[in-house]
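The residues making up each chain are set out below.
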Amino acid sequence: METKISASILNADLLHLEDVIHKLETAGADMLHFDVMDGVFVNNISFGVPVLNALSGITSLYKDVHLMITDPLKYVEAFAKAGAELITFHLESESDPDATIDAIHAAGCKAGISVKPATPAEAVLPFLDRVELVLVMTVEPGFGGQGYIHDMTKKVETLRDAINASGREIMLQVDGGINAETAPIASGAGADVLVVGSYLFKQEDVQATMDGLRSFAAQAQQACV
């Protein structure tokens, strides 16, 4: 199982964001993780459609858009037009999940569904036949730089088993507190997409850091075979 790195720019140097993204391209990031927060669903406000549209004009990196907003259905089309290729929304939002998945697919994007730490894995199971990604939040969504919640590892294991049983190719993503110590834990539990932000941008050598995380993840997965 190949591990992908989705580089979150939430805590990147926003004054030099174009340079940051070109550095990520050169370093071999698999995805650009774009956190959208409305100040209501989570207690923070971040990027919106205009920023994504601007970034889409300067990079070919796969745009992994994570909507942490109250009414994602209302904004699916706008983010798709701005360059999103994968749109993930929260099961805890106010939008109807099936309608939101339909809208994401109709807009030409892959659909992801995410759950906060308090939401059980079982809540996601009815949607495994419709989505291309499941995102387990391993911190409370809203702010970067938090520590990995180790109780979430069991949730990742449960969802990996369910995804394997489904027979579908569904990415299993983890977001929150991913670093050299926690990447092997999440990967060993079955995650194949690691969202890495604060830890990544604190390192001098971004490429070596991503290569190291992939190596740790591969070793953890092999140990679990």
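What you are looking at is a predicted structure, and each value in this text was computed from that prediction instead of being measured.

(A) Fine view of the environment of aspartate 102. Summarising the element assignment, aspartate 102 is placed in helix 4 (residues 97–106). The spatial distance from the C-alpha of aspartate 102 to the C-alpha of glycine 212 is 37 Å, given a sequence separation of 110 residues.

(B) A look at the side chain of histidine 33. With respect to the helices, strands and loops of the structure, histidine 33 is situated in strand 2 (residues 31–37). We classify histidine 33 as buried; its relative accessible area is 0%. What histidine 33 contacts, discounting residues up to four positions off in sequence, is Ser6, Ala7, Ser8, Ile9, Asp64, His66, Gln173, Asp175 and Val195.

(C) Layout of the packing of aromatic side chains. Counted by the stated rule, this structure contains one aromatic pair. Lying over the aromatic face of phenylalanine 41, lysine 116 brings its terminal NZ or CZ to 4.2 Å of the ring centre.

(D) How the structure looks around the side chain of threonine 88. On the secondary structure map, threonine 88 appears in strand 4 (residues 86–90). Discounting chain neighbours no more than four positions away, the residues touching threonine 88 are Asp64, Val65, His66, Leu67, Gly112, Ile113, Ser114, Leu133 and Leu135.

(E) Geometry of the pattern of salt bridges. This structure, assessed with the given rule, holds eight salt bridges. For lysine 81, the salt bridge identified is with glutamate 77, shortest N-O distance 3.1 Å. One end of the pair, lysine 81, and the other, glutamate 77, are both in helix 3 (residues 76–81), four residues apart, so they sit about a helical turn from each other. Exposure remark for lysine 81: the relative accessible area of 65% places this residue in the exposed category. Measuring nitrogen to oxygen at the nearest pair gives 3.5 Å for the salt bridge that ties aspartate 192 to arginine 160. Placement of aspartate 192 in the loop between helix 6 (183–189) and strand 8 (193–196) and of arginine 160 in helix 5 (residues 152–166) is noted, with a sequence separation of 32 residues between them. With a relative accessible area of 12%, aspartate 192 lands in the buried category. One network of salt bridges, in which partners are shared, links Asp30, Asp211 and Arg214.

(F) Representation of the environment of valine 193. Turning to its location among the elements, valine 193 is positioned in strand 8. Expressed as a C-alpha distance, the spacing of valine 193 and alanine 183, which sit 10 residues apart in the sequence, is 9.9 Å.

What counts, and where the lines are drawn
Residues numbered from 1 in each chain as written. Predicted model: local features only at pLDDT ≥ 70, side-chain atom pairs only at ≥ 80, totals over all residues. Heavy atoms only, no water. Helix = DSSP H or I, 4+ residues; strand = E, 2+ residues; numbered from the N terminus. Buried < 20%, exposed > 50% of the residue type's maximum accessible area, 1.4 Å probe, protein only. Contact = heavy atoms within 4.5 Å. Phe/Tyr/Trp six-rings, centres within 6.5 Å; stacked < 30°, edge-to-face > 60°. Lys NZ or Arg CZ within 6 Å of the ring centre and 35° of its normal. Salt bridge = Lys/Arg side-chain N within 4 Å of Asp/Glu carboxyl O.

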